[in-house]
Amino acid sequence: MTSSLNTLYEVLYVSVLAPGAPVSAVAEIAGHARAANAQRGITGLLVFDGNGFCQQLEGTQKNVLSAMERISQDARHVQISVVHHGPLTARRFSDFSLAFSPAEDADTLAALALLDGEAALQAFHALRASVLL
Ligand SMILES: Cc1cc2nc3c(=O)[nH]c(=O)nc-3n(C[C@H](O)[C@H](O)[C@H](O)COP(=O)(O)O)c2cc1C
């Protein structure tokens with residue numbers, strides 16, 4: 001059990017900025033996340049397109065699942081939908097980054113919300129390639 005909780009794990013979800021939440025919340029979220037994730041050995045990518053989020057988190061299963069639990073209770077976003085979670089053989093990212101996706105690509109996140117598993121991962125790879133890191 002202990003060893004499985006220490007294996008590398010990832011979660012990929014999409015969500016929408018809560019109605020009334022200012023876009024400036026994103027900078028606060030990212031600032032906090034950068035420090036908190038570094039402390040917990042979590043790396044990944046948070047993409048924001050002006051309305052919605054897509055976030056991939058990777059680290060030990062224990063740390064990733066507890067981060068996801070906290071994040072899913074955050075009132076600054078709604079319609080949280082986990083589209084993929086599972087073990088990972090190697091990290092996809094070497095640190096935690098925030099990226100902005102052009103607003104005209106807003107459909108990309110909505111489309112991702114409807115996918116799961118391998119298809120969701122593929123859409124995430126395409127999104128990652130389209131944003132500037
Ligand atoms: C879209 C979104 C992404 C977030 N990503 C992270 C994250 O990667 N790491 C993190 O620690 N908190 C993240 N947060 C913030 C958490 O929801 C929560 O506010 C924070 O972990 C609380 O930390 P504290 O209990 O130390 O105050 C995110 C919040 C939102 C709305």
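As shown above, the structure is provided for reference.
Residues numbered from 1 in each chain as written. Predicted model: local features only at pLDDT ≥ 70, side-chain atom pairs only at ≥ 80, totals over all residues. Heavy atoms only, no water.

As a further point, take the packing of aromatic side chains. The final tally for this structure, using the stated rule, is three aromatic pairs. Both rings, one in Phe48 and one in Phe100, keep their centres 6.4 Å apart while their planes meet at 80°; by these two values the pair is edge-to-face. You can see Phe48 sitting in strand β2 (residues 43-48) and its partner Phe100 sitting in strand β5 (residues 96-100), a full 52 residues away along the chain. The class for Phe48 is buried, based on a relative accessible area of 2%. Between Phe93 and Phe124, the ring centres sit 6.3 Å apart and the planes meet at 65°, which makes this aromatic pair edge-to-face. A residue pair is termed long-range when its members are at least 10 positions apart, and Phe93 in the loop between β4 (77-87) and β5 and Phe124 in helix α5 (residues 117-130) qualify at 31 residues. Given the relative accessible area of 6%, Phe93 is considered buried. (Phe/Tyr/Trp six-rings, centres within 6.5 Å; stacked < 30°, edge-to-face > 60°. Helix = DSSP H or I, 4+ residues; strand = E, 2+ residues; numbered from the N terminus. Buried < 20%, exposed > 50% of the residue type's maximum accessible area, 1.4 Å probe, protein only.)

Before going further, it helps to spend a moment on the site of the ligand. In the region of the ligand, 15 residues are neighbours, and His32, Asn37, Gln55, Arg70 and Asp74 sit closest. For the ligand, an oxygen atom lies 3.1 Å from a polar atom in the side chain of Arg76. Protein coverage of the free-state accessible area of the ligand, which is 620 Å², stands at 79%. Assessed atom by atom at 2 Å from the grid points, the ligand resides in the largest pocket. Residue assignment for the shell around the ligand shows that the elements contributing at least two residues are α2 (25-39), β3 (52-60) and α3 (61-72). In terms of residue count, the dominant contributor to the shell around the ligand is α2 (five residues). Of the residues belonging to the shell around the ligand, the class tally is seven nonpolar, four polar and four charged. (Near = heavy atom within 4 Å. Polar contact = N/O pair within 3.5 Å; in protein donor to acceptor, adjacent residues only side chain to side chain. Areas by Shrake-Rupley, 256 points an atom, 1.4 Å probe, with all protein chains shown as cover. 1 Å grid on protein atoms, 1.4 Å probe; cavity = no way out; pocket = protein on both sides within 12 Å on 5 of 7 lines; lining within 4 Å. Sits in = over half its atoms within 2 Å of the grid points. Nonpolar A, V, L, I, M, F, W, Y, C, P; charged D, E, K, R; others polar.)

Here we take up the layout of surface pockets. Taken as a whole, the largest pocket encloses approximately 300 Å³ of empty space. Lining the largest pocket are 16 residues, and of these Ile29, Ala33, Ile71, Asp74 and Arg76 sit closest to its centre. For the lining of the largest pocket, the secondary structure elements donating two or more residues are α2, β3 and α3. The greatest single-element share of the lining of the largest pocket, amounting to five residues, is contributed by α2. Looking at the lining of the largest pocket residue by residue, the class counts come to nine nonpolar, four polar and three charged. (Points joined across faces, edges and corners; volume = space filled by probe spheres on them.)

Two pairing modes exist for strands in a sheet, parallel and antiparallel, and in both the strands are linked by backbone hydrogen bonds. Read across the open sheet, the five strands follow the order β4-β1-β3-β2-β5; overall the sheet is mixed. What marks the edges here is a single partner per strand, and that holds for β4 and β5. On average, adjacent strands in this sheet sit at an angle of 15° to one another, irrespective of strand direction. The sheet strands contacting helix α4 (residues 106-113) are β1 (8-17), β3 and β4, and the helix crosses β3 at an angle near 55°. (Pairing = 2+ DSSP bridges. Axes fitted to C-alpha atoms, helices over the stretch in contact; angles between N-to-C directions. Contact = heavy atoms within 4.5 Å.)

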